[in-house]
Amino acid sequence: MAGSGAAAGAAAAAAAGSDCFKFNFALVSRIASSFASSSSFDLRPGHVVNVEKARKEHEDLVEALRRIGLDVIELPSDEKHPDGLFVGDIAIVIHGTALICNPPTLKDRPSRQGELAVVRQVLRKELGLKIVEVDTEKAVIEGGDVLWTGREIFVGLSSRSNMLGAQAVAKAFPEYSTTIVKVYPPAVHLKDYITMAGPEVMAIGKSDGAQNTFREIKNSGAIGYKYISVDEDEAANVVYANYTLLHLGHEQIPKGSAVFLNKIDYARVAISMEEPLKRGGRLGSCILLVNRVRHPKRIPTTIQ
């Protein structure tokens, strides 16, 4: 961690009334039986998905979200779309605006395009958000590659998101500065390596890929952030919402869990998500957080 005051700084920012990570709703999607046998994501070698255990873990996640004050909207599972569980990839929501993403269609893998309609409908009709669409099919983008820090946006160029997709994010949220960075392998998404662990606090994996990707963010001129480094890349994917940090449990991230225990002085909730992560997903990709209050400030958008 860069500086021993990261946790205190996050708590102070929260106490000062920052609303950037205060959310009203969380969208999640129930798990299809087909998730065990089919996905656009690779199954980790030597692993088998236990769907019933995955559903129990998902139920525990839903309960944890409710306990931190979120109104949870559960989307039905769809056997034709096994990746529906990863609803966080399907839209990017910042205050009152939602960009509907355009996931790539991969050869011999199930398409994710069918996931868009139900998420779009809920965000528009039930939550009343402004909907923005990607304006060209050539632009591919998934939410896992978009890091909203509370004051600016970083978009990762990866196997799932390209330059046109990154530009679509910048167009959708012109009031915030948008910076484009390269995601180094083996990660699928930017947020496999780096997420927000609190106001102005980033959690970052220690692998070579994570550190190389993080270097791109630092070299872009990002300033004012504190950093928490964790040994396991899986530990770096956290969810900070309503003044609470959600992270994986000790069984999955023993070293990272110890770091959070030592460094974080605000509320924490440990979540077991062993089965869903066998497909390469992350805790954050299973949640789409929504705050319907639009931020009034507007600043010029810059793409770097």
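Please refer to the structure placed before this passage.
Cut-offs and rules
Residues numbered from 1 in each chain as written. Predicted model: local features only at pLDDT ≥ 70, side-chain atom pairs only at ≥ 80, totals over all residues. Heavy atoms only, no water. Helix = DSSP H or I, 4+ residues; strand = E, 2+ residues; numbered from the N terminus. Rg over C-alpha atoms; globule rule 2.2 N^0.38 Å. Contact = heavy atoms within 4.5 Å. Lys, Arg positive; Asp, Glu negative; His and termini not counted. Charge placed at Lys NZ, Arg CZ, Asp CG, Glu CD. Pairing = 2+ DSSP bridges. Axes fitted to C-alpha atoms, helices over the stretch in contact; angles between N-to-C directions. 1 Å grid on protein atoms, 1.4 Å probe; cavity = no way out; pocket = protein on both sides within 12 Å on 5 of 7 lines; lining within 4 Å. Points joined across faces, edges and corners; volume = space filled by probe spheres on them. Nonpolar A, V, L, I, M, F, W, Y, C, P; charged D, E, K, R; others polar. Buried < 20%, exposed > 50% of the residue type's maximum accessible area, 1.4 Å probe, protein only.

## A few points about the overall build of the protein chain
Phase 1: If you tally the helices and strands in the protein chain, you get seven helices and 15 strands.
Phase 2: Computed over the C-alpha atoms, the radius of gyration of the protein chain is 18 Å, within 12% of the 19 Å expected from 2.2 N^0.38 for a compact globule of 304 residues.
Phase 3: The long-range fraction of contacts in the protein chain, counting pairs at least 24 apart against all pairs at least 6 apart in sequence, stands at 75%.
Phase 4: Here the protein chain contributes 36 positive and 35 negative side-chain charges, whose respective centroids are spaced 4 Å apart.

## Side note on the sheet that holds strand β14 (residues 267-271)
Phase 1: Sheet architecture is open: three strands sit in the order β12-β13-β14, paired in mixed fashion. With partners counted over all chains shown, the strands left at the sheet margins are β12 (239-241) and β14, one partner each. Here the average twist between neighbouring strands, direction ignored, is 20°.
Phase 2: One ladder, built from five bridges, connects strand β13 (residues 244-248) with β14; its direction is parallel. Among the inter-strand pairings, Thr-244 is bridged to a residue of β14, identified as Ala-267.
Phase 3: Most of the contacts of helix α2 (residues 51-67) go to β14, to which it runs at about 170°, and overall it touches β13 and β14.

## Examining the layout of surface pockets
Phase 1: The volume enclosed by the largest pocket comes to roughly 350 Å³.
Phase 2: Lining the largest pocket are 18 residues; nearest its centre among them are Pro-186, Ala-187, Val-188, Asp-192 and Gly-280.
Phase 3: Grouping the constituent residues of the lining of the largest pocket by class yields six nonpolar, three polar and nine charged.
Phase 4: Within this model, the second largest pocket holds a volume of roughly 170 Å³.
Phase 5: Counted by class, the lining of the second largest pocket contains nine nonpolar, five polar and three charged residues.

## As for the sheet that holds strand β2 (residues 71-75)
Phase 1: With mixed pairing, three strands are arranged side by side in an open sheet as β2-β1-β15. Strand pairing shows two members of the sheet lacking a second neighbour, β2 and β15 (288-290), which therefore form its edges. Between one strand axis and the next, the sheet turns through 25° on average, direction left out of account.
Phase 2: Inspection of the sheet shows strand β1 (residues 25-29) paired to β15 by three bridges, in the antiparallel sense. Across the sheet, the residue bridging to Ala-26 is Leu-289, located in β15.
Phase 3: Relative to the sheet, helix α3 (residues 116-126) contacts β1, β2 and β15, its axis offset from that of β2 by approximately 145°.

## Re the pairing of strand β4 (residues 97-100)
Phase 1: Judged by which residues are buried, β4 turns out to be covered on both faces: Thr-97 and Leu-99 on one side and Ala-98 and Ile-100 on the other are all buried.
Phase 2: Bridge count for strand β3 (residues 91-94) against β4 is four bridges, and the pairing is antiparallel. Following the sheet pairing, Ala-91 is matched in β4 by Ile-100.
Phase 3: Hairpin connection of β3 to β4: two residues between the antiparallel strands, including His-95 at a positive phi of 55°.
Phase 4: Note that β4 and strand β5 (residues 130-133) share four bridges and pair parallel. From the neighbouring strand, Thr-97 faces β5, where its bridge partner is Lys-130.

## Overview of the environment of Glu-216
Phase 1: As for its placement among the helices and strands, Glu-216 is situated in helix α5 (residues 208-219).
Phase 2: Relative accessible area serves as the criterion here: at 25%, Glu-216 is assigned to the partly exposed category.
Phase 3: Considering only alpha carbons, one finds Glu-216 and Lys-182, 34 residues apart in sequence, at a separation of 7.0 Å.
Phase 4: Among residues more than four places away in sequence, those in contact with Glu-216 are Val-181, Lys-182 and Tyr-184.

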